[in-house]
Amino acid sequence: MGNETANDLLKKVRKIEIRTRALSHQIFAGEYHSAFKGKGMAFSEVREYQYGDDVRNMDWNVTARLHSPYVKVFEEEREMTVVLLVDISRSGLFGTASQNKRDFIAEIAAVLAFSAIINNDKVGALFFSDRVEKFIPPKKGRSHLLHIIREIIELKPEGTGTDIAGALRYLTNAIKKKCTAFVLSDMLDVNPDCSPRYEEALKVAANRHDLSFIEIHDPREREIPDLGLVDVKDSETGECRWVNTSSSRTRREYAAWFAAVREESERLLRRYSIDSVSIATDQDYVKGLMTFFQTR
């Protein structure tokens with residue numbers, strides 16, 4: 001990397017740090033704390049059952065041994081482990097608003113990471129395309145956080161496609177204790193019938209971890225504008241084809257496909273009670289994240 005490129009990168013990292021750190025301190029820290037703290041409860045002790053105790057906390061082994069009802073007592077864990085699963089596939093380079101999807105994801109990931117650091121949590125990151133490109137184990141501290149932000153901006157994927165299932169399987173194998181995991185992706189990882197390709201991996205990961213999905217899309221992905229005959233290239237497969245965007249049928253069929261993809265993704269997440277939010281790159285992600293935190 002030349003000096004000019006290195007300096008540009010440092011400026012970009014610094015700009016993201018200043019903006020997202022301020023947002024995390026002023027807006028998100030309290031919302032993040034109330035949304036995610038208390039989700040992880042650590043076993044503390046057992047004591048005799050008292051009237052009004054939740055029977056779901058009964059310790060049946062101790063109860064049987066002592067011939068008297070006992071319950072487990074839990075306390076809120078003082079810190080959490082947060083893992084960001086960041087989609088860096090080539091489709092993230094698409095952008096018709098002020099930012100492409102990858103830059104937009106970088107800012108949101110930085111906000112989440114700063115919010116976690118403010119709350120004394122460990123933060124890790126897993127970068128994926130159609131393979132796991134890099135895994136940064138969870139740690140604390142600003143320098144570690146800036147390392148993650150640098151990688152979000154700079155890391156060049158070897159893969160071209162998107163494999164959310166592979167990222168979720170890696171998370172399940174790498175993090176044994178329960179963590180809070182955010183998947184940041186455009187979620188364009190579907191079968192020909194529009195159903196998500198990652199259901200089985202999602203089911204396993206959701207059973208172990210507190211998963212949330214943040215879906216990012218460009219406004220032009222919802223519908224194709226009338227621009228006449230356009231040479232379109234699939235950024236992930238490299239396939240090129242001419243598309244007549246003036247055809248109302250073409251535009252209608254594409255809009256229906258994209259809506260079906262979104263609908264199937266949302267249905268899958270609801271099935272496994274996974275919180276999610278969808279944010280377009282021409283929208284204010286602050287509002288989107290605040291709503292997301294408040295509805296958890």
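For the structure itself, consult the block above.
Calculation criteria
Residues numbered from 1 in each chain as written. Predicted model: local features only at pLDDT ≥ 70, side-chain atom pairs only at ≥ 80, totals over all residues. Heavy atoms only, no water. Pairing = 2+ DSSP bridges. Helix = DSSP H or I, 4+ residues; strand = E, 2+ residues; numbered from the N terminus. Phe/Tyr/Trp six-rings, centres within 6.5 Å; stacked < 30°, edge-to-face > 60°. Buried < 20%, exposed > 50% of the residue type's maximum accessible area, 1.4 Å probe, protein only. Contact = heavy atoms within 4.5 Å. Axes fitted to C-alpha atoms, helices over the stretch in contact; angles between N-to-C directions.

A. Main features of the pairing of strand β5 (residues 132-139). Strand direction decides the pairing type here: strand β4 (residues 122-128) and β5, joined by five bridges, are antiparallel. Bridge pairing links A125 to I136 in β5. Counting the residues that bridge the hairpin from β4 to β5 gives three residues.

B. Structural view of the packing of aromatic side chains. Applying the stated criterion across every chain yields a total of five aromatic pairs. Ring centres of F104 and Y285 lie 5.7 Å apart, and the angle between their planes is 85°; this geometry places the pair in the edge-to-face category. With F104 in helix α3 (residues 101-118) and Y285 in helix α9 (residues 285-295), the pair connects residues that are 181 residues apart, well separated along the chain. Taking relative accessible area as the criterion, F104 reaches 2% and is therefore assigned buried. A ring pair is formed by Y198 and F213, whose centres lie 6.2 Å apart and whose planes are at 15°; its orientation type is stacked. Of this pair, Y198 sits in the loop between β6 (180-185) and α6 (199-208) while F213 sits in strand β7 (residues 210-217), and the two are 15 residues apart along the sequence.

C. Inspection of the environment of D59 at higher detail. With respect to the element layout, D59 can be found in the loop between β1 (41-48) and α2 (60-66). Sequence-wise, D59 and V71 are twelve residues apart; in three dimensions their C-alpha atoms are separated by 5.1 Å. In contact with D59, other than residues within four places in its own chain, are V46, Y70, V71 and K72.

D. Representation of the sheet that holds strand β10 (residues 275-280) within the structure. Pairing within the open sheet is mixed, and its six strands lie in the order β5-β4-β3-β6-β7-β10. If you trace the sheet from one side to the other, it starts and ends with β5 and β10, each paired once. On average, each strand axis in the sheet is tilted by 15° relative to the strand beside it, whichever way the strands run. As paired elements, β6 and β7 share six bridges and run parallel to each other. Looking at β7, one finds that L184 is bridged to I214. Its contacts with the sheet put α3 on β3 (81-87), β4, β5, β6, β7 and β10, and the angle it makes with β7 is roughly 150°.

Any functional reading would require information beyond the geometric quantities listed.
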